Amino acid sequence: MATAGGSETCSHGFSLDSSLLLPTKEPNWEAIPESESEKLCIDDMLDVYCGEFGSWQLRHFVLTSLAWALEAFHTMVMIFADQEPGWRCVEGSGSWCDEKAESVCGLEPGSWEWEGGPGSSTVAQWGLVCREKYKVGLVQALFFAGCMIGAGVFGHLSDSSLGRKGSLKTVCILNAIFGCLTSIAPDYFTYLLLRFLTGFSTGGVGLCSFVLATEPVGPTKRGVAGMSTFYFFSTGIALLSGIAYIFPTWRALYVASSVPSILFLFLVIPFISESPRWYLVRGKINKAMKIMQAIAKSNGNNLPEGVILALDDEANDASNDNQSSSKEAVSGSIVDVIRSPVTCIRLFLAIGISFTCSVVYYGLSLNVVNLETNIHLSVLLNAVAEMPAFTITAVLLDRFGRKPLAIGTQWFSAIFCLTGCVVGSVRMWEVIKMGCGVLGIFGMAGTYNLLFIYTAELFPTVVRNAALGSATQAAQMGAILAPFVVVLGGVLPFLVFGICGLVGGMLAYYLPETLNKPLYDTMRGIEEGEADWRIT
């Protein structure tokens, strides 16, 4: 028997609400009337209702940042795959071979052989020594050239059609394919092409992972979270040294370093969420609100009804009565960055700093493979040595701000690089010179990682990855140049590294501070917001 209240009385006398029998519909936040809604930008919603860094953000941050280890695998694998192995004289070679010779260039062909056989590295496989030695550097240069192109392409795609998660998935698929194909390269030129293509896809891994990991984090926690992503890169380098020890041949090593990308695709990416900021600027409010609701619930908080996300310019504009405007996708490109008086100077400064920082960081790092020690141990120690720089920078980041730290770490590195230049090549000062190099890379490692969080905060969501991609492209150009600086030999490399550190610090002086400022979503939002900051 139906009742006036809309419930039914069962034959046993129990009352059952008929609404419970109907499927529950997800709320449509886009249909909430203006008069009944409270518009908040993402930073405010995280701060007031959801939580800035709770269990949801921690899980999402860790899963997403694992991609940095994949980038380390594909970038640093060349240290082991392209190394020049040891050699020995063939029995019976007699006077045709002298094991005291510094290289094999002056020895009679056939009088010596590679230790570990021709499959131990690409150098042994294709004879990349003596006059052919430049081909090893060419592979490295083309890999970073691919990274430079890929950073720009995937930086744009992650801001536009593919999104952050879609771009990360795409680059992981390409990395797995190109990495495995590299292992069966029949000749040097095929190997060269595949390393370029691997660089193209690798160029998008770090920046997509970084932005996706940090965008759901609240403003006061974002700095430390952003700096912490680079522990995963250093851990990846350390793990790679162990993988290379287990798989001593270069073909097996490329397969072993590519398998983690496949595992990441199937075991990690399904549990990663798209950035709510990207959904918001693309006009997908319901999807963005669903993620914010999940964040609040997982963090033990409650997101009240009537609270809705809005772009920063809408949330701050009380006269905006056009509800449909929040449903339209807002796009941007690197052209918009250049046209804006607020972001144009920031872009060119970020590009200049990224270039000089990369020259120093990769230039000093190359000395590790030239040490006459166990290469696996050397790479492991180099990776571990960078971690204190990340910790110190993360601790000081929110205390002193991004700008003073960017200046200080670069000048710290420059001081020790110039000291290494003054010391020169006198044998009794070799230990001091080595210490200068270690402290130089220690300072620049802090700068290199700080630049990611700093650059991400300098630009709004609609162009964040495009701007970060441009800065990454500049860093890859520095990485291409670094080996040629090292070839100069003597005191010149330290001199160049010191000058680069000084110039980078001076460029950072002209950047604005972003500590405790909101993470803007639109070009209009950042222009109006920065105008308000200047007034206050």
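Identification of the chain as Major facilitator superfamily (MFS) profile domain-containing protein from Gossypium raimondii is taken from an unreviewed UniProt entry.

**Student:** Would you explain the overall build of the chain in this entry?
**Tutor:** Within the chain, the secondary structure is distributed over 22 helices and six strands. A total of 536 residues make up the chain; the buried ones form 54% of that total. By sequence separation, contacts in the chain at least 24 residues apart represent 81% of the contacts at least 6 residues apart.

**Student:** Just checking my understanding: could you explain the confidence of the model for the chain for this structure?
**Tutor:** Residues with a pLDDT of 70 or more make up 83% of the chain, whose mean pLDDT is 81. Between residues 318–327, whose pLDDT stays under 50, and residues either more than four places distant or in other chains, the model counts 17 contacts.

**Student:** In this structure, what is going on with the UniProt feature "transmembrane region" (unreviewed entry) in the chain? I would like to understand it.
**Tutor:** Under the UniProt annotation, "transmembrane region" (unreviewed entry) lies at residues 137–155, 192–212, 224–247, 347–369, 375–397, 404–426, 438–459 and 480–511. Segment residues 192–212 splits into 90% helix and 0% strand. End C-alpha atoms: 31 Å apart. The span residues 438–459 shows a helical share of 95% and a strand share of 0%, and its end C-alpha atoms are spaced 33 Å apart.

**Student:** Teacher, can you tell me more about unusual backbone geometry here?
**Tutor:** Residues apart from glycine generally show negative phi values, whereas peptide bonds are mostly found in trans. Not every positive phi belongs to a glycine, and Cys 130 is a case in point at roughly 55 degrees. With respect to the element layout, Cys 130 can be found in the loop between helix 4 (122–126) and helix 5 (134–159). The class for Cys 130 is partly exposed, based on a relative accessible area of 35%.

**Student:** Quick question: what am I supposed to make of the packing of aromatic side chains here?
**Tutor:** To describe a pair of aromatic rings, one takes the distance between the centres and the angle between the planes. Applying the stated criterion across every chain yields a total of 27 aromatic pairs. On the basis of an interplanar angle of 85 degrees and a centroid distance of 6.1 Å, the ring pair of Trp 68 and Phe 233 is categorised as edge-to-face. Of the two residues, Trp 68 is situated in helix 3 (residues 67–81) and Phe 233 in helix 10 (residues 230–246); the sequence distance between them amounts to 165 residues. For the pair shown, Trp 68 and Phe 233 are each scored as buried. Three or more aromatic residues joined by ring pairs form one cluster here, namely Trp 68, Phe 210, Phe 230, Tyr 231, Phe 233, Phe 390 and Phe 452. Stacked on the ring of Tyr 188, the Lys or Arg Lys 135 has its end atom at 5.2 Å from the ring centre. Between the NZ or CZ atom of Lys 403 and the centre of the ring of Tyr 509, over which it lies, the distance is 5.0 Å.

**Student:** What is the right way to read the nonpolar core from this model?
**Tutor:** A general tendency of soluble globular proteins is for nonpolar side chains to be buried together. One finds Met 45, Phe 210, Phe 264, Met 292 and Leu 303 to be the most contacted residues of the largest nonpolar core, which totals 135 residues. At eleven residues, helix 19 (residues 430–458) tops the list of elements feeding residues into this core. When residues are assigned to domains, this core turns out to be shared by domain 1 (38–87 + 115–316) and domain 2 (333–528), each giving three or more.

**Student:** I would appreciate a short explanation of the environment of Tyr 254 in the present structure.
**Tutor:** Tracing the backbone shows Tyr 254 in helix 11 (residues 250–267). For Tyr 254, a relative accessible area of 2% gives the class buried. Distance in space between the C-alpha atoms of Tyr 254 and Phe 73 is 9.1 Å, their sequence separation being 181 residues. Every residue in contact with Tyr 254, bar those within four places of it in the chain, is listed here: Val 77, Ala 81, Gly 179, Thr 182, Ser 183, Tyr 191 and Arg 195.

**Student:** What should I look at first to understand the pattern of salt bridges in this one?
**Tutor:** Once their charged atoms are close, side chains differing in charge can pair, the charge on each being opposite to the other. Per the stated rule, a full pass over the model turns up seven salt bridges. Here Arg 402 ties to Glu 457 by a salt bridge, and the two come within 2.8 Å at their closest N and O atoms. Remark: Glu 457 occurs in helix 19 and Arg 402 occurs in helix 18 (residues 402–423); sequence separation between them is 55 residues. Salt bridges sharing common partners tie together Asp 159, Arg 164, Glu 215 and Arg 464.

**Student:** Just checking my understanding: could you explain the packing of helix 2 (residues 55–65) against helix 13 (residues 285–298) for this structure?
**Tutor:** Between two packed helices, what matters for the description is the angle formed by their axes and the separation of those axes. Two elements in contact, helix 2 and helix 13, have axes whose closest approach is 7 Å; the angle formed by their N-to-C orientations is 115 degrees. On the basis of the axis angle, helix 2 is roughly perpendicular to helix 13. Contact residues: Ser 55, Trp 56 and Gln 57 in helix 2; Ile 291, Ala 294, Ile 295 and Ser 298 in helix 13. Class assignment for the residues of the contact of helix 2 with helix 13 results in four nonpolar, three polar and no charged.

**Student:** What exactly am I supposed to notice about a nonpolar patch on the surface here?
**Tutor:** On the surface, a cluster of nonpolar side chains totalling about 710 Å² of accessible area is made up of Trp 411, Leu 488, Val 491, Leu 492, Leu 495, Ile 499, Leu 502, Val 503 and Met 506. Counting residues per element, the nonpolar patch draws most heavily on helix 21 (residues 492–508), which supplies six residues. Turning to its location among the elements, Leu 495 is positioned in helix 21. Owing to a relative accessible area of 32%, Leu 495 belongs among the partly exposed residues under this scheme.

**Student:** Mind showing me how you'd approach the environment of Phe 210 here?
**Tutor:** Along the chain, Phe 210 falls in helix 8 (residues 205–214). Each C-alpha atom of the pair Phe 210 and Asn 465 lies 9.6 Å from the other, and the pair is 255 residues apart in sequence. Not counting residues within four places of it along the chain, the set of residues in contact with Phe 210 comprises Trp 68, Gly 226, Thr 229, Phe 230, Phe 452, Ile 453, Ala 456 and Leu 468.

**Student:** Hey, could you run me through the packing of helix 3 against helix 10 in this one?
**Tutor:** As a packed pair, helix 3 and helix 10 sit with axes 8 Å apart at the nearest point and diverge in direction by 45 degrees. Put simply, helix 3 runs oblique to helix 10. The handedness of the crossing between helix 3 and helix 10 is right-handed. Residues Trp 68, Ala 69, Glu 71, Ala 72, Phe 73, Met 76, Val 77 and Phe 80 of helix 3 form the contact with helix 10, whose participating residues are Phe 230, Phe 232, Phe 233, Gly 236, Ile 237, Leu 239, Leu 240, Ser 241, Ile 243 and Ala 244. Tallied by class, the residues present in the contact of helix 3 with helix 10 amount to 15 nonpolar, two polar and one charged.

**Student:** Just checking my understanding: could you explain the side chain of Ser 257 for this structure?
**Tutor:** Turning to its location among the elements, Ser 257 is positioned in helix 11. By relative accessible area, Ser 257 is classed as buried at 1%. Leave out the neighbours within four places in its chain, and Ser 257 touches Phe 73, His 74, Val 77 and Leu 240.

**Student:** How should helix 3 be read in this particular structure?
**Tutor:** Along an α-helix, residues three or four apart share an orientation, since each turn contains 3.6 residues. With 15 residues, helix 3 ought to run about 21 Å at 1.5 Å a step, and its terminal C-alpha atoms sit 21 Å apart, in line with that. Within helix 3, 14 of the 15 residues are buried, which leaves the element mostly enclosed by the surrounding structure.

**Student:** Where do I start with the side chain of Gln 410 in this structure?
**Tutor:** Mapped onto the secondary structure, Gln 410 falls in helix 18. Relative accessible area serves as the criterion here: at 0%, Gln 410 is assigned to the buried category. Beyond its immediate sequence surroundings of up to four residues, Gln 410 is in contact with Ile 353, Thr 356, Met 444, Thr 447, Gly 501, Gly 504, Gly 505 and Ala 508.

**Student:** Which parts of the structure should I look at to understand the environment of Phe 459?
**Tutor:** Along the chain, Phe 459 turns up in the loop between helix 19 and helix 20 (464–487). A relative accessible area of 1% means that Phe 459 is categorised as buried. For Phe 459 and Arg 346, which are 113 residues apart along the polypeptide, the C-alpha to C-alpha distance reads 8.4 Å.

Analysis parameters
Residues numbered from 1 in each chain as written. Predicted model: local features only at pLDDT ≥ 70, side-chain atom pairs only at ≥ 80, totals over all residues. Heavy atoms only, no water. Helix = DSSP H or I, 4+ residues; strand = E, 2+ residues; numbered from the N terminus. Buried < 20%, exposed > 50% of the residue type's maximum accessible area, 1.4 Å probe, protein only. Contact = heavy atoms within 4.5 Å. pLDDT = per-residue confidence, 0-100. UniProt positions renumbered as here; feature names shortened; annotations may be inferred. Phe/Tyr/Trp six-rings, centres within 6.5 Å; stacked < 30°, edge-to-face > 60°. Lys NZ or Arg CZ within 6 Å of the ring centre and 35° of its normal. Core = buried A, V, L, I, M, F, W, Y, C linked by side-chain atoms within 4.5 Å. Domains from an automatic or database assignment. Salt bridge = Lys/Arg side-chain N within 4 Å of Asp/Glu carboxyl O. Axes fitted to C-alpha atoms, helices over the stretch in contact; angles between N-to-C directions. Parallel < 35°, antiparallel > 145°, perpendicular 65-115°, else oblique. Nonpolar A, V, L, I, M, F, W, Y, C, P; charged D, E, K, R; others polar. Patch = residues over 30% accessible without salt bridge, like charges linked within 9 Å, V, L, I, M, F, W, Y side chains within 5 Å. Areas by Shrake-Rupley, 256 points an atom, 1.4 Å probe, with all protein chains shown as cover. Left-handed = near helix turned anticlockwise from the far one by under 90°. Expected span 1.5 Å × (residues − 1).

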